[in-house]
Amino acid sequence: AAFVLRGVKVGENYLAELVAWKATNALRVDLVRHCLALDLSFHLQHTPGELIERIDGDVGILNNFFSRFVLILITNALIAFGVIGILATIDWRMGLLYAIFAGLYIVAIFWLNTATVANFVSAREAEAALFGFLEERLSGTEDIRTSGATGYVLRQLTILMRQRLFKRQHAEVVQGLISIVRMILYVVGLLMGLGFAAILYLQGQITIGTAYVIFSYVYLIWGPLTDLVYQFSDFQQALASLRRVADLFAAKSMVVDGPRVTLPPGPLDVRFARVSFSYDAPKDEIAEKAPALRDISFHLAPGHTLGVLGQTGSGKSTLTRLLFRFYDPQQGQILLNGVDSREVTVDALCSRIGLVTQDVQLFHASLRDNITFLDHTISDATVLEAIQELGLGEWFARLPHGLQTQLQADSLSAGEAQLIALTRAFLQKPDLLILDEASSRLDPRTEMFVQRALTRLLQGRTAIIIAHRLQTVSLVDDILILVNGEISEYGTRAELAGSTSHYARLLETDSLARSS
């Protein structure tokens, strides 16, 4: 019998944990999917560390709720009702008294526990702020150490840890006071049972054995009630986590998917029609103070290449963010093949537009997984064919283990990371390719590989090349120069180079610098 009971217990634990992990993992997946669908303004307001704590930490607290709450609630409720029923068979007044007392006990403790929800929410928020701070500072270790800011970081860490400690202490103190109240009620309940049994015994209505049985059953009822209270306590913490999870689900993207209009195949026709955009302005409004883009209009024909020049902060990268619908412009239209980009879904746009930036995200994975973004439906032969077609065979031959070479965030140079980004874009086969400062940090040898790959990659595609260096835009069809979010010059490269334009002066300055 002991082995059977132990086996049942093990099976019950296994099933409970299995249900809990499946439920919480499914919730994590839904949260991650939801966060990835939100626009960039949301991610600028919430650090990755904070989101990790909310997606994993808050959901982890729900584990016991999913695995144990219902089972323990039903089991202990049945035991409590059974004990009260037995007491009622001995004396109906006793059964009624303990039914009322047990109900008041649960209601009172539940009401007191409700007061702790806000405290635990505050504690969880402090933990999220701490983890967000750690994630940001650890990722910036090089800058912190070289700037001598270690002491400042440690002071800020101490402040956040102290805030977390105080808020957690406050929540636990309130929980402890509730435990004291619970203990007092427990003693009162035992004294009631003892007093009731003594009265019945002195009146000669029961024997000393029955009195002992009454006291034993009164003592027995507190086990299930205590378990129920503990479950309600866990439920309160789970409720705090559920509230934070619900708040995360309630976050809405400012970018709303369109009615799934399908863009025609082939290189995209891009037209900006009086587009104005500000990061700080509400939807359909333009902030009066320094918008990122103001009244931008230009046309890029299918298969043509546009070079975008301008100083840092002039709005060059903002153009790309609007094309991907990371944001929507407050005024004007962005037309792709004559279709307003707001009428196309974000996923559809991302499948047609490729982006290569100067900061390439590498993962702790193999070269193959870094190129394919862990998409195992893409064969090794396809990846190798792309590498060879881009003219990167010589670079690839130098890798120690080919496609299985394990990469880390700092295991490759900036130029080699660019080559991986170009291969990613080639496999995507975009109809509009955007290069955002893609060759700004390359040595001459690597730049040779990149230029060769770009020549192949740009064939048959519409492209926008954002650059500081004039050599990068030497092969583009049109030139657009931005100054403080406005178009300063726009025209074909040949026209601007042969005139008295700012672009012509830049070419002259660059030529003098090279000759010297």
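Keep in mind it's a predicted model, so treat the numbers as computed, not measured.

Observations regarding the overall build of the protein
Reasoning step 1: The secondary structure content of the protein amounts to 17 helices and 12 strands.
Reasoning step 2: A burial count over the protein gives 44% of its 516 residues as buried.
Reasoning step 3: Taking the intrachain contacts of the protein between residues at least 6 apart in sequence as the baseline, contacts between residues at least 24 apart amount to 78%.
Reasoning step 4: As displayed, the protein offers around 27,000 Å² of accessible surface, 61% of which is attributable to carbon and sulfur atoms.

A short note on the packing of helix α12 (residues 380-389) against helix α14 (residues 414-428)
Reasoning step 1: At a minimum axis separation of 10 Å, α12 and α14 run at an interaxial angle of 115°. Comparing the axis directions of α12 and α14 gives the class roughly perpendicular. In this structure, the crossing between α12 and α14 has a hand that is right-handed. In this structure, α12 uses T382, V383, A386, I387 and E389 to contact α14, whose residues at the interface are T423, F426 and L427.
Reasoning step 2: A breakdown of the residues in the contact of α12 with α14 according to their chemical character gives 5 nonpolar, 2 polar and 1 charged.

Some thoughts on the pattern of salt bridges
Reasoning step 1: Counted under the stated rule, the structure contains 11 salt bridges.
Reasoning step 2: We note a salt bridge from D58 to R244, for which the minimum N-O separation is 2.7 Å. Residue D58 is found in helix α3 (residues 48-90), and its partner R244 is found in helix α8 (residues 208-250); the two are separated by 186 residues along the sequence. R244 matches D58 in its accessibility class, with the two residues each being buried.
Reasoning step 3: We note a salt bridge from R352 to D431, for which the minimum N-O separation is 2.4 Å. Residue R352 is located in helix α10 (residues 346-352), and its partner D431 is located in the loop between α14 and β9 (432-436); the two are separated by 79 residues in the primary sequence. Both residues of the pair, R352 and D431, count as buried.
Reasoning step 4: Shared partners join several salt bridges into a network, and the residues in it are E127, R164, R168 and E172.

Some words on the pairing of strand β3 (residues 305-310)
Reasoning step 1: Extensive coverage of β3 is indicated by the burial of 6 of its 6 residues.
Reasoning step 2: Residue alternation in β3 divides its side chains into two sets, T305, G307 and L309 and L306, V308 and G310, and both sets are buried.
Reasoning step 3: Where β3 and strand β11 (residues 478-483) come together, 5 bridges link them in parallel fashion. Looking at β11, one finds that L306 is bridged to D478.

Focus: the pairing of strand β1 (residues 270-277)
As a general feature of sheets, a regular strand has side chains that alternate between the two faces.
Reasoning step 1: As paired strands, β1 and strand β2 (residues 293-300) are joined by 5 bridges and run antiparallel to one another. Looking at β2, one finds that F272 is bridged to F298.
Reasoning step 2: Relative to strand β4 (residues 331-336), β1 runs antiparallel, the two being bridged by 5 bridges. Directly across from V270, in β4, lies its bridge partner L336.

Thoughts on the side chain of T405
Reasoning step 1: By secondary structure assignment, the location of T405 is in the loop between α13 (393-397) and β8 (406-407).
Reasoning step 2: By relative accessible area, T405 is classed as buried at 7%.
Reasoning step 3: Reaching out from T405, the side chain makes a polar contact with the backbone nitrogen of H401 at a distance of 3.1 Å.
Reasoning step 4: Ignoring any residue separated from it by four or fewer positions in sequence, one finds T405 in contact with A365, S366, L367, L399 and P400.

Regarding the confidence of the model for the protein
Reasoning step 1: Taken as a whole, the protein shows an average pLDDT of 79; of its residues, 90% reach a score of 70 or greater.
Reasoning step 2: In the model of the protein, helix α17 (residues 502-515) stands out as the element of lowest mean pLDDT, 69, in contrast to β1, which has the highest, 92.

Some points on the sheet that holds β9
Reasoning step 1: The 6 strands lie next to each other as β6-β9-β10-β3-β11-β12, forming an open sheet whose pairing is mixed. Among the strands making up the open sheet, the edge pair consists of β6 (353-357) and β12 (486-492). Ignoring strand direction, the axes of neighbouring strands in this sheet form an average angle of 15°.
Reasoning step 2: For β9 and strand β10 (residues 462-466), the ladder comprises 5 bridges, and the chain directions are parallel. Residue pairing in the sheet places I434 in a bridge with I464 of β10.

Quick look at a nonpolar patch on the surface
Reasoning step 1: Together, V173, L177, I180, I184 and V188 make up a nonpolar patch on the protein surface, roughly 440 Å² of accessible area in all.
Reasoning step 2: As for its position among the elements, I184 is in helix α7 (residues 150-202).

Re the sheet that holds β1
Reasoning step 1: In space, the 4 strands of this open sheet follow the order β2-β1-β4-β5, with antiparallel pairing throughout. The open sheet is flanked by β2 and β5 (339-340), the only strands paired with a single partner.
Reasoning step 2: As defined by bridge partners, β4 adjoins β5 across 2 bridges and the pair is classed as antiparallel. Paired with L336 across the bridge in β5 is V339.
Reasoning step 3: Of the strands in this sheet, β1, β2 and β4 are in contact with helix α9 (residues 316-323), which crosses β1 at around 110°.

Describing the packing of aromatic side chains
Reasoning step 1: All chains considered together, the criterion is met by 6 aromatic pairs.
Reasoning step 2: For the ring pair F272 and F298, a centre distance of 4.7 Å and an interplane angle of 15° mean the geometry is stacked. One end of the pair, F272, is in strand β1; the other, F298, is in strand β2, with 26 residues separating them in the sequence.
Reasoning step 3: One aromatic cluster in this structure is built from F272, F298 and Y490.
Reasoning step 4: One cation-aromatic arrangement involves K429 over F426; the distance from NZ or CZ to the ring centre is 5.2 Å.

Cut-offs used in this document
- Residues numbered from 1 in each chain as written.
- Predicted model: local features only at pLDDT ≥ 70, side-chain atom pairs only at ≥ 80, totals over all residues.
- Heavy atoms only, no water.
- Helix = DSSP H or I, 4+ residues; strand = E, 2+ residues; numbered from the N terminus.
- Buried < 20%, exposed > 50% of the residue type's maximum accessible area, 1.4 Å probe, protein only.
- Contact = heavy atoms within 4.5 Å.
- Areas by Shrake-Rupley, 256 points an atom, 1.4 Å probe, with all protein chains shown as cover.
- Axes fitted to C-alpha atoms, helices over the stretch in contact; angles between N-to-C directions.
- Parallel < 35°, antiparallel > 145°, perpendicular 65-115°, else oblique.
- Left-handed = near helix turned anticlockwise from the far one by under 90°.
- Nonpolar A, V, L, I, M, F, W, Y, C, P; charged D, E, K, R; others polar.
- Salt bridge = Lys/Arg side-chain N within 4 Å of Asp/Glu carboxyl O.
- Pairing = 2+ DSSP bridges.
- Polar contact = N/O pair within 3.5 Å; in protein donor to acceptor, adjacent residues only side chain to side chain.
- pLDDT = per-residue confidence, 0-100.
- Patch = residues over 30% accessible without salt bridge, like charges linked within 9 Å, V, L, I, M, F, W, Y side chains within 5 Å.
- Phe/Tyr/Trp six-rings, centres within 6.5 Å; stacked < 30°, edge-to-face > 60°.
- Lys NZ or Arg CZ within 6 Å of the ring centre and 35° of its normal.

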